[in-house]
Amino acid sequence: MTPRENARAVEWAESGWFYALGLLNAGHHCGFTVVLGSGAVAEWSVRPLPCLDLRTAGSPRASA
């Protein structure tokens, strides 16, 4: 990664995820794009889901 992209990645890791969490809690999608030194682009994106139930048939309910 370029020094600029490296700094952006470190900044996001230190505090940017607070902003991303706020967007997700508000029902918005968010993401992060990094341009590597070779010119390749790496992108991370996420969209909120209201509810994702991963239990299988017969599995006990999680207690709150």
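Residues numbered from 1 in each chain as written. Predicted model: local features only at pLDDT ≥ 70, side-chain atom pairs only at ≥ 80, totals over all residues. Heavy atoms only, no water.

*Asks:* What should I look at first to understand the overall build of the protein chain in this one?
*Replies:* The helix and strand inventory of the protein chain stands at one helix and two strands. Starting at the N terminus, the α and β elements of the protein chain follow one another as α-β-β. Split into buried and exposed, the 64 residues of the protein chain put 9% on the buried side. Pairs at least 24 residues apart make up 30% of the contacts formed inside the protein chain by residues separated by at least 6 positions. Per element, the accessible surface of the protein chain, about 5,400 Å² overall, is 60% carbon and sulfur. (Helix = DSSP H or I, 4+ residues; strand = E, 2+ residues; numbered from the N terminus. Buried < 20%, exposed > 50% of the residue type's maximum accessible area, 1.4 Å probe, protein only. Contact = heavy atoms within 4.5 Å. Areas by Shrake-Rupley, 256 points an atom, 1.4 Å probe, with all protein chains shown as cover.)

*Asks:* I'm lost on the pairing of strand β1 (residues 30–35) in this one. Help?
*Replies:* Regular strands place side chains that alternate from one sheet face to the opposite one. The alternating pattern of β1 places Cys 30, Phe 32 and Val 34 on a buried face and Gly 31, Thr 33 and Val 35 on a face that is not buried. Between the end of β1 and the start of strand β2 (residues 41–46), which pair antiparallel, lie five residues, with Gly 39 showing a positive phi angle near 95 degrees. (Pairing = 2+ DSSP bridges.)

*Asks:* I tried to follow the confidence of the model for the protein chain on my own but got confused; where do I start?
*Replies:* Counting all residues, the mean pLDDT for the protein chain is 78, and 89% of those residues have values of 70 or more. Ranking the helices and strands of the protein chain by mean pLDDT puts β2 first, with 85, and helix α1 (residues 3–25) last, with 79. (pLDDT = per-residue confidence, 0-100.)

*Asks:* Explain a nonpolar patch on the surface here, please?
*Replies:* A surface patch of nonpolar side chains, about 310 Å² in accessible area, is lined by Trp 17, Phe 18 and Leu 21. Positionally, Trp 17 belongs in helix α1. (Patch = residues over 30% accessible without salt bridge, like charges linked within 9 Å, V, L, I, M, F, W, Y side chains within 5 Å. Salt bridge = Lys/Arg side-chain N within 4 Å of Asp/Glu carboxyl O.)

*Asks:* What am I meant to see in the pairing of β2 here?
*Replies:* By the criterion of burial, β2 is predominantly exposed, with just zero of the six residues buried. Bridging between β1 and β2 involves six bridges; their strand directions are antiparallel. Each residue of the ladder has a partner; that of Phe 32, found in β2, is Trp 44.

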